[in-house]
Amino acid sequence: MSAGAGNGILSAGVVITVSFLYVVLLFALAFWSDQRARGNRPGLLASPVVYTLSIAVYCTSWTFYGAVGSASRGGLEFLPIYLGPTLVFVGWWAILRKLARISKVHRITSIADFISSRYGKSGRLAVVVTLVAVIGTTPYIALQLKAVATTFVAVTGAAAGAATGSIFADTALWVAMCMALFAIVFGTRKVGADEHHPGIVAAIAFESLVKLIAVISVGMLVLLVLGPGPDGVFSPGKEGAADLSYLWTFREGSGTRWMTVLFLSASAIICLPRQFQVTIVEIENERHLATAAWLFPLYLFLISLFVIPIALAGMTLLPSGSNPDLFVLTVPIATGNDWLALFAFIGGFSSATSMVIVASIALSIMLSNHVIMPVLFGLRRARGSSGELATQILWVRRISILVIFALALVYYRISAPGALAAIGLISFAAVAQFLPALIGGLYWRGATERGALTGLIAGFAVWAYTLLIPALIHPEIAPPLLLTDGPGGISFLRPEALFGAENWDPLFHSLFWSYVANIGLYVCISLVTRPGPLERLQSALFTDAFRQQPGDDALAWQRSATADDLRGLTERVLGRDRSDRIFADFFAGRRAPQENLEAAPALIAQVERNLAGSVGAASARALISGVTKGESISLDEIIGILDETQQVIRYSQRLETQSRELELTANQLKIANEQLRRLDKQKDDFLSRVSHELRTPMTSIRAVSELLQAYDDVPEERRVRSIGIIAKESQRLSRLLDDILDLAGMAEGTVTFNIEETDVITILDDAILAVHGYSEQNGVSVISAYDRTPLDARIDRGRLTQVFVNLLSNAIKYNDNPEPVIEVRATRRRGAIEVSVSDNGPGISEEDRDLIFTRFSRSTSDTTSKVSGSGLGLAISKEIIQILGGTIDLERNTSLGAVFTVRIPVSIENTDLRAD
Amino acid sequence: MRNQKLRDAALILPFVGTFLLLPIVLRLISGGRWFADLPSLPAFLYIAWLALIIAAGVLSRLLLKAEAGPETENTAAGGDGEPPR
């Protein structure tokens, strides 16, 4: 059909001029955005809205125009293509977020890089993904070029020149060249730390806006102008109108196709190289995903809202047989809205060009990183001094872009006219082969590289056989007999009815069998192969992405390189400036190394990561391997990393118990410390007291003897008394020294005991007699409350007497009761003789309780000098009793007085005679 | 605990959406007329679609607030700091 041929607004010249100006606008926008980004003043560019709009590159001319066409032919069938991505983005929390996180940490440059990186930085896996991507995407690019050419014809009514005439009159060529130029200029400016292209992102975000507004404008035209009213498009029961109810009902038998397209579009929104590029690789801030989660589905919602109305309008207003794919253009034209038609054309132009730009860049990155550069490295062609390698990479990318466009143009020129339309979904089905390896790699730690590789190759092969070849059926390329009879006549293997699956929806048929092969082999091979050490490390890092800190993987590698070599490599690839910055950043805060010194593993890992951001993980690894030595992964480290989460949990539990134990210990230490301090004080007190005690008699003796020496005429009485003093004090000294030696001797076991069978009762009598004088002196009554039954035991008589005397003396000494009474009891009980000395004195204070039997202890409240003694009495008593095999205790301690109890076993045959 | 519920809801939402779009459900809805004169299937689809969008928007906002609250968030450079549970 033709419309507005050559008249007024829609002449070819006008259209071309407007398009050209639009392209210039895009260039300017991209340039300005790049400048702002480089000057670190991103402003609007950093907004999540721009990010989301860039994701909308998903809506290509195939959806801009083709949706209406699809709706006209099949009703709501067009909708799943928008609904699939909606479901994926609405569920961003699970998958998209993990993809974004991993890509940020590992500086992923493309989907091929991601898959290769996950499976041990496998170079061959990257190659396969790249080739599948190129084969699957190039026809799609051709489709866009065709759309531009076709719509140009439709808008201008220009005759021929398209597709059949000279190539130079073909608009597609010029569009391709412009877009290639755009992609090269803004997509290959520098080899950066990552594959971020702010200029490109800004440009396609703008284009997404333009195409949305264009669609809405045409939709508004239909809804507000053409629709309402009795002549309008929506009035039911229009004369001669066909039954259009299929436009809004669910047709029987379309369920399979619906689900298939839903699934394919959901997988495509991640797996299409251009989508992975804008959604995952270009993401600046993970939080933007939260906005895109609802904003992108909203975009899809809006752009699909007017599809059915426009389809209706087209079917009613335009002569039957018109191409429904062009309704978006032809409806405005038919109703005389030429400017709107031009705007719609620009919208379609936007949708086509944004797709080819991003797709070509994404593919060129993959081709250069994973196919061409590795070959160049292998051929040792990739040499050069500072920055030369970077330039080389850039030129490889540019040539890749040109090659891709060339391939697309070739495909466009040679393909049969109707074939291209089907390419969209066929392309989706191709990239869907990435999905098992991708998603499996995120969650299944046991997935191996070989499993992914075989699955991918098998799935791709089945896809090619069931979808690509039938689409290419062209008398010269593939014989149609293949379709009807199967290869070599084997009907069982017909491309469109494999294994007897007759009359299935072709898309579903292909998806089904390709996934049987893909997932089947992926799972089976992964189960029977063992991953290598690098694979295991990468799989742990990827599946545990939310628990990892960047740099964890550095710990696992044991490799060494000189800082010099490393710097040289980085300079070659990234240029001197970037290299300097990387090293400076790393050493900020650490001690700077000397030249030629070993580079820390963390530095090596950091450099590798930076390189990966430019040339992909596999190539980066290869480059680093070239300068490092002794590259190995310690298995322990891997297991360590793998079990990191377990370790962390166990560690924190251990920390808890430890801190509790520490608290307890601290408490105990405090108590022990207190005790020690008191003992120490006691010791000091004893020493000072002992020296005082020693000095006092010494002083008396000296004084008196000096006196006697100095004066000849001392009176007799005085002289006798003085000598008495000397004698007494000397005795006192001796006694004190004896006590000390005694105790020491008992402690060391050097003191001998005379053990013989003795009646304890007699000893008690002796003891009471011995203190008689003392007790009389203090007015204390000592009561012997025991009967005369003999209590025999094998003991040292003298020593035991000493103990009883000591107990009695203490009882007398400390009893401040106005009527002091001491009771002595003795019985035989349970194979031992029990003797108790009880008094009605003040008792012993709580704090002294524990210490009374220790050496050097004295009542801490005792300050009177009336009390003599060394404080060793009880200590000696305890030693003696222990040597005799018995016990001595403070039985009862109340303010009514203390009770000391001595228990002596009847026989001491088995007792060690030495004190412990 | 509330964070956990939010996360669960975020994970369930796409499944709810998928369910609403199953052919089985759509066949049930198809063929009628809603709100005076609109065909039921498109109406249902677009309403459900919009509901999903709104739900996603609300959940996203809540999730972001929850993340930024108790834990300090580095922007997208690892260090999510999710404690092991």
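What you see is a predicted model; the values in this text were computed from it and never measured.

A. A look at the overall build of chain B. Along the backbone of chain B there are three helices and two strands. In chain B, the order of α-helices and β-strands from amino to carboxyl end is α-α-β-β-α. Each of the 85 residues in chain B was classed as buried or not, and the buried ones make up 44%. Partitioning the contacts of chain B with sequence separation of at least 6, the portion at a separation of at least 24 is 46%. For chain B, the exposed surface amounts to about 4700 Å²; the carbon and sulfur share of it is 69%.

B. The arrangement of a nonpolar patch on the surface in detail. A surface patch of nonpolar side chains, about 400 Å² in accessible area, is lined by A:W395, A:I399, A:V403 and A:L407. Checked against the element boundaries, A:W395 lands in helix α17 (residues 388-414).

C. Geometry of helix α22 (residues 506-528) of chain A. For α22(A), built from 23 residues, the straight-helix expectation of 33 Å at 1.5 Å per residue is met to within 8% by its first-to-last C-alpha distance of 33 Å. Taken together, the buried positions of α22(A) are occupied by A:L507, A:H509, A:S510, A:L511, A:W513, A:S514, A:Y515, A:A517, A:N518, A:Y522 and A:S526.

D. Local environment of helix α15 (residues 327-334) of chain A. Residues and elements named next belong to chain A. Counted residue by residue, α15 has seven buried out of eight residues, so it is predominantly covered. Here α15 has its buried residues at F327, V328, L329, T330, V331, P332 and I333. Following α15 by one or two positions, G336 adopts a phi angle in the positive range, close to 80°.

E. Expanded view of the confidence of the model for chain A. All names here are of chain A. Of the residues in chain A, 83% reach a pLDDT of 70 or more, and the chain-wide mean stands at 81. The low-confidence segment residues 1-8 (pLDDT under 50) makes 12 contacts with residues lying over four places distant or belonging to another chain. Segment residues 908-916 is flagged for pLDDT under 50; beyond a separation of four residues in sequence, or across chains, it makes 18 contacts in the model.

F. Spatial organisation of unusual backbone geometry. Residue and element names in this part refer to chain A. Non-glycine residue R107 carries a positive phi angle of around 55°. Position of R107 among the secondary structure elements: in the loop between α6 (95-106) and α7 (111-118). Despite not being glycine, K121 shows a phi value in the positive range, around 55°. Looking at the secondary structure, you find K121 in the loop between α7 and α8 (123-156).

G. Inspection of the nonpolar core at higher detail. All names here are of chain A. The biggest cluster of nonpolar side chains holds 194 residues, and the ones touching the most others in it are F78, L79 and F434. In terms of residue count, helix α16 (residues 338-378) provides more of this core than any other element does, 18 residues in total. Aside from chain neighbours lying at most four places away, what touches F434 is I111, I115, V129, V132, A133, C271 and L456. Grouped together as the second largest cluster of nonpolar side chains are 47 residues, F753, A767, F804 and A826 included.

H. The side chain of A:T529, seen in detail. Residues and elements named next belong to chain A. Within the fold, T529 resides in the loop between α22 and α23 (533-543). Since its relative accessible area comes to 15%, T529 is described here as buried. At 2.7 Å, the side chain of T529 and the side chain of T448 are in polar contact. A polar atom in the side chain of T529 sits 2.8 Å from the backbone oxygen of I525. Excluding its chain neighbours within four sequence positions, the residues that come into contact with T529 are T448 and R450.

I. Summary view of the interface of chain A and chain B. Across the boundary between the two partners, chain A contributes 45 residues, which contact 42 residues of chain B. Of the roughly 3800 Å² buried between chain A and chain B, counting both surfaces, carbon and sulfur atoms make up 73%. In this assembly, chain A and chain B are joined by zero salt bridges. Our count for the contact surface shared by chain A and chain B stands at five residue pairs in polar contact (both at pLDDT 80 or more). Contributions of two or more residues to the side of chain A that touches chain B are made by α5 (80-90), α6, α11 (255-271), α13 (287-305) and α30 (644-710) of chain A. Residue contributions to the side of chain A that touches chain B peak at 10 residues, all from α13(A). Its residues placed into classes, the side of chain A that touches chain B shows 28 nonpolar, nine polar and eight charged.

J. A look at the pattern of salt bridges. All names here are of chain A. Within the structure shown, the criterion is met by 17 salt bridges over all chains. Between R677 and E674 there is a salt bridge, with the nearest N and O atoms lying 3.1 Å from each other. In this pair, R677 and E674 both sit in helix α30, three residues apart, roughly one turn of the helix. Relative accessible area serves as the criterion here: at 48%, R677 is assigned to the partly exposed category. Several salt bridges converge on common partners, so that one network encompasses R829, E834, D889 and R903.

K. The packing of aromatic side chains, seen in detail. Residue and element names in this part refer to chain A. Counted by the stated rule, this structure contains 26 aromatic pairs over all chains. Where F114 meets F542, the ring centres are 5.3 Å apart and the plane angle is 70°; that geometry is what we call edge-to-face. Linking F114 in helix α7 with F542 in helix α23, this pair joins segments that are 428 residues apart in sequence. Grouping residues by exposure puts F114 and F542 together as buried. Here a set of aromatic residues connected by ring pairs shows up, and it is made of Y22, F152, F206, F345 and F349. If you follow R274 out to its NZ or CZ, it ends over the ring of Y140, 4.9 Å from the centre. Just above the ring of F583 sits the side chain of R567; from NZ or CZ to the centre is 4.4 Å.

Rules behind the numbers
- Residues numbered from 1 in each chain as written.
- Chains lettered and ligands numbered in written order.
- Predicted model: local features only at pLDDT ≥ 70, side-chain atom pairs only at ≥ 80, totals over all residues.
- Heavy atoms only, no water.
- Helix = DSSP H or I, 4+ residues; strand = E, 2+ residues; numbered from the N terminus.
- Buried < 20%, exposed > 50% of the residue type's maximum accessible area, 1.4 Å probe, protein only.
- Contact = heavy atoms within 4.5 Å.
- Areas by Shrake-Rupley, 256 points an atom, 1.4 Å probe, with all protein chains shown as cover.
- Patch = residues over 30% accessible without salt bridge, like charges linked within 9 Å, V, L, I, M, F, W, Y side chains within 5 Å.
- Salt bridge = Lys/Arg side-chain N within 4 Å of Asp/Glu carboxyl O.
- Expected span 1.5 Å × (residues − 1).
- pLDDT = per-residue confidence, 0-100.
- Core = buried A, V, L, I, M, F, W, Y, C linked by side-chain atoms within 4.5 Å.
- Polar contact = N/O pair within 3.5 Å; in protein donor to acceptor, adjacent residues only side chain to side chain.
- Buried area = accessible area lost by both parts, 1.4 Å probe.
- Nonpolar A, V, L, I, M, F, W, Y, C, P; charged D, E, K, R; others polar.
- Phe/Tyr/Trp six-rings, centres within 6.5 Å; stacked < 30°, edge-to-face > 60°.
- Lys NZ or Arg CZ within 6 Å of the ring centre and 35° of its normal.

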